[in-house]
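Below, each chain spelled out in residue letters.
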Amino acid sequence: MDKIELQKLVGKRIIQLRTEKGWSQSDLARACDKDRQSIERIENGKVSPSLYSLYEIALALEISLKDLLDL
């Protein structure tokens, strides 16, 4: 698996977890103090989020970082 494939897998996982909570991208962005465009870029696999950004997203979704990365 290359970097782009991994970014897309992580993005799909975030979409899955976010939609399970019934949240929009804006809801998730507010919950982790990011802008909606940042969440959109992460979900679309356009950027490589930092480990800390993934941690903030996991906290906002009320899951562990391990569960977030359970690809």
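Located above this text is the structure these notes cover.
For clarity, every value in this text was computed on a predicted model and none was experimentally measured. (Residues numbered from 1 in each chain as written. Predicted model: local features only at pLDDT ≥ 70, side-chain atom pairs only at ≥ 80, totals over all residues. Heavy atoms only, no water.)

> Would you take a moment to explain the packing of aromatic side chains for this structure?
For any pair of aromatic rings, the description rests on two quantities: the centre-to-centre distance and the angle between the ring planes. The final tally for this structure, using the stated rule, is 1 aromatic pair. Between Tyr-52 and Tyr-55, the aromatic rings sit 5.9 Å apart at their centres with planes inclined by 40°, giving tilted as the arrangement. Linking Tyr-52 with Tyr-55, this pair stays in helix 4 (residues 51-60), spanning 3 residues, or about one helical turn. Positioned above the aromatic ring of Trp-23 is the side chain of Lys-21, whose terminal nitrogen or guanidinium carbon lies 4.9 Å from the ring centre. (Phe/Tyr/Trp six-rings, centres within 6.5 Å; stacked < 30°, edge-to-face > 60°. Helix = DSSP H or I, 4+ residues; strand = E, 2+ residues; numbered from the N terminus. Lys NZ or Arg CZ within 6 Å of the ring centre and 35° of its normal.)

> Whenever I open this one, helix 1 (residues 3-20) confuses me. Can you help?
In an α-helix, one turn spans 3.6 residues; hence positions three or four apart end up facing the same way. Across its 18 residues, helix 1 extends 26 Å between first and last C-alpha, which sits within 8% of the 26 Å expected from 1.5 Å per residue. Burial in helix 1 covers these residues: Gln-7, Val-10, Gly-11, Arg-13, Ile-14, Leu-17 and Arg-18. In a view along the axis of helix 1, the buried residues occupy a sector of 160°, so they form one face of it. For helix 1, exposure combined with an orientation more than 90 degrees from the buried face picks out Lys-12 and Glu-20. Turning to helix 1, the residues buried within the fold contact helix 2 (25-31), helix 3 (36-43), helix 4 and helix 5 (65-68). N-capping of helix 1 is provided by Asp-2, with a side-chain oxygen placed 3.3 Å from the backbone N of Ile-4. Of the residues one or two after helix 1, Gly-22 is the one with positive phi, at around 75°. (Expected span 1.5 Å × (residues − 1). Buried < 20%, exposed > 50% of the residue type's maximum accessible area, 1.4 Å probe, protein only. Arc of directions from axis to C-beta. Contact = heavy atoms within 4.5 Å. Polar contact = N/O pair within 3.5 Å; in protein donor to acceptor, adjacent residues only side chain to side chain.)

> Honestly, unusual backbone geometry in this entry has me stumped. Any pointers?
Excluding glycine, residues mostly have negative phi values, and the peptide bonds linking residues are mostly trans. Positive phi outside glycine occurs at Asp-33, with the angle close to 55°. If you trace the backbone, Asp-33 turns up in the loop between helix 2 and helix 3. Taking the relative accessible area as the measure of exposure, Asp-33 reaches 73% and is therefore exposed. With phi around 60°, Glu-62 is a residue other than glycine that occupies positive phi space.

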